[in-house]
Amino acid sequence: MPDQTQRFETAAIRTQAPRSDAREHSVPLFLTSSFVFDDAEQARALFSEEIEGAVYSRYSNPNTDEFVRKLCLLEGGEDGLATASGMAAVYAAIASLVKSGDHIVASRSLFGSTHQILTRLLPRWGVSFTYVDASDDAGWEGALRPETRLLFVETPSNPGLDVLDLARLGALARARGIPLIVDNCFATPYLQRPLAFGASLVVHSATKWIDGQGRVLGGAIIGDKALVAEARFFARHTGPSLSPFNAWVLSKSLETLAVRLDRHCENALALATHFEGHEALEQVRYPFLASHPQHALARAQMSQGGGIVVLVLRGGIERCRRFIDALQMCSHSPNLGDTRSIVTHPTSTTHSKLTEDERQAVGIVPGLVRVSVGLEHISDIIADIEQALVASA
Ligand SMILES: *Cc1c(COP(=O)(O)O)cnc(C)c1O
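The present account deals with the structure reproduced in this document. Please read these numbers as outputs of a predicted model, since none were measured by experiment.

1. Topic: the pattern of salt bridges
By the definition in use, this model includes 12 salt bridges. Here Lys 99 ties to Asp 102 by a salt bridge, and the two come within 3.1 Å at their closest N and O atoms. Using a relative accessible area of 6% as the deciding quantity, one classes Asp 102 as buried. The partner of Arg 168 in a salt bridge is Glu 141, and the shortest N-O contact between them spans 3.4 Å. A residue pair is termed long-range when its members are at least 10 positions apart, and Arg 168 in helix α7 (residues 166-176) and Glu 141 in helix α6 (residues 139-143) qualify at 27 residues. Judged by relative accessible area, Arg 168 falls into the partly exposed class, the value being 26%. Connected through salt bridges with shared partners, the residues Glu 41, Arg 44 and Glu 50 form a single ionic network.

Below, the structure is given as structure tokens:
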């Protein structure tokens, strides 16, 4: 049934490592650092990459291969690579493509560590960057230089939920002959497939929605074969490999991504709708609320709004601290994409390393809290947030 295996839910479940002699139904964990050669000739051919096959788990392993094959089908990518974390994916994707003197154009609203790579690490090796604001549609052309090597964007962004026009950016990158790299962590391929809009690579933190239960770190780079080959060379020799155990967990997690995300999105939309206009809040931000500045764009390029809702509390940082301490069920943790609802205050935690001006520029005001809406009953999530808003007044 070749066609059927291409459908999202089916590919996510039926893409499996080849069955072993034990005839297992669920794919086992291959905890092995290396693999045995049949003979001297096979060893030679494997090392010269004349033939494909497992050699050493820093390069590949049946569990990481299965995870990557699955993600390639789900994202519609030619090839891919698994990494130890989302940041390993971001770094390997960028570092494998740039050299001294190159320039990067990126959306300003980026995950904190991606911002640190662009502003603190890459300049050491002579790689510069220009940020473009999400609201500055005309800014992209102006930011491009002859030495611009790639475009890097995150949409929806963490935590501001800015939505960027993937079709427009994909076309711009293609016209210039440079790759567009998209951090697709917040949407996952179930809600948004950037490669279909002209992106060349997608990077993932699999730690979030892909794991879905807050257990393991992981990441991936998916997309254009030639670019993935560059990233693979970089990763093979620098070593940010995904552990087989984490790949085993993540591949099984992908089996339930579609059903989990349907409920996360349903709960998030219900929560955002419930709290919009609440007297304790200055603002509720959610891509599928009509009040979101890029609402029409979000509806055009995403199938649902995702599991993250941003609440901006009246009363600033002190109110936020009281609110967080008053929560009785929702966890206070820096992660997201878990079955458990999680509330995070970026100004004092994940984005505390940014200056006040940098936070302001990406809309991270002191009263902003990020809610990763979990899979508990929606009435219980709403009730917990409601009582904490009252208690923190
Ligand atoms: C968490 C996150 C990352 C980093 O992923 P890790 O797995 O923690 O390394 C990158 N991008 C986005 C948007 C994230 O939310």
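2. With respect to helix α10 (residues 244-254)
A large share of α10 lies buried, amounting to eight of its 11 residues. Against α1 (8-14), α3 (62-75) and α11 (257-275) lie the buried residues of α10.

3. Topic: the packing of helix α4 (residues 86-95) against helix α5 (residues 112-121)
Across the interface, α4 lies against α5 with an axial gap of 10 Å and an inter-helix angle of 30°. Between α4 and α5, the angle falls in the class roughly parallel. Taken as a pair, α4 and α5 cross one another with a handedness that is right-handed. Residues Met 87, Val 90 and Tyr 91 of α4 form the contact with α5, whose own contacting residues are Ser 113, Thr 114 and Ile 117.

4. What about α7?
Along α7, the residues classified as buried are Leu 166, Leu 169, Gly 170, Leu 172 and Ala 173. For α7, the angular spread of buried residues about the axis comes to 165°, placing them on one side. Residues of α7 that are exposed and point more than 90 degrees away from the buried face comprise Arg 174 and Ala 175. If you check the start of α7, you find a side-chain oxygen 3.3 Å away from the backbone N of Ala 167, and it comes from Asp 165. Following α7 by one or two positions, Gly 177 adopts a phi angle in the positive range, close to 70°.

5. Side note on the packing of aromatic side chains
Applying the stated rule across the entire model yields six aromatic pairs. Centre to centre, the rings of Tyr 56 and Tyr 59 are 5.7 Å apart; their planes meet at 70°, and the pair counts as edge-to-face. Residue Tyr 56 is classed as partly exposed on the basis of its relative accessible area, which comes to 35%. The class of Tyr 59 is partly exposed, set by a relative accessible area of 26%. Positioned above the aromatic ring of Tyr 59, the side-chain terminus of Arg 236 is 3.6 Å from the ring centre.

6. Looking at the environment of Arg 149
Assignment of secondary structure puts Arg 149 in strand β4 (residues 148-154). Sequence separation of Arg 149 and Val 228 is 79 residues, and the distance between their C-alpha atoms is 16 Å. If near-sequence neighbours (up to four positions away) are discounted, Arg 149 is found in contact with Leu 97, Val 98, Asp 102, His 103, Ile 178 and Pro 179.

Conventions we followed
- Residues numbered from 1 in each chain as written.
- Predicted model: local features only at pLDDT ≥ 70, side-chain atom pairs only at ≥ 80, totals over all residues.
- Heavy atoms only, no water.
- Salt bridge = Lys/Arg side-chain N within 4 Å of Asp/Glu carboxyl O.
- Buried < 20%, exposed > 50% of the residue type's maximum accessible area, 1.4 Å probe, protein only.
- Helix = DSSP H or I, 4+ residues; strand = E, 2+ residues; numbered from the N terminus.
- Contact = heavy atoms within 4.5 Å.
- Axes fitted to C-alpha atoms, helices over the stretch in contact; angles between N-to-C directions.
- Parallel < 35°, antiparallel > 145°, perpendicular 65-115°, else oblique.
- Left-handed = near helix turned anticlockwise from the far one by under 90°.
- Arc of directions from axis to C-beta.
- Polar contact = N/O pair within 3.5 Å; in protein donor to acceptor, adjacent residues only side chain to side chain.
- Phe/Tyr/Trp six-rings, centres within 6.5 Å; stacked < 30°, edge-to-face > 60°.
- Lys NZ or Arg CZ within 6 Å of the ring centre and 35° of its normal.

By themselves, these figures tell us nothing about what the structure is for.
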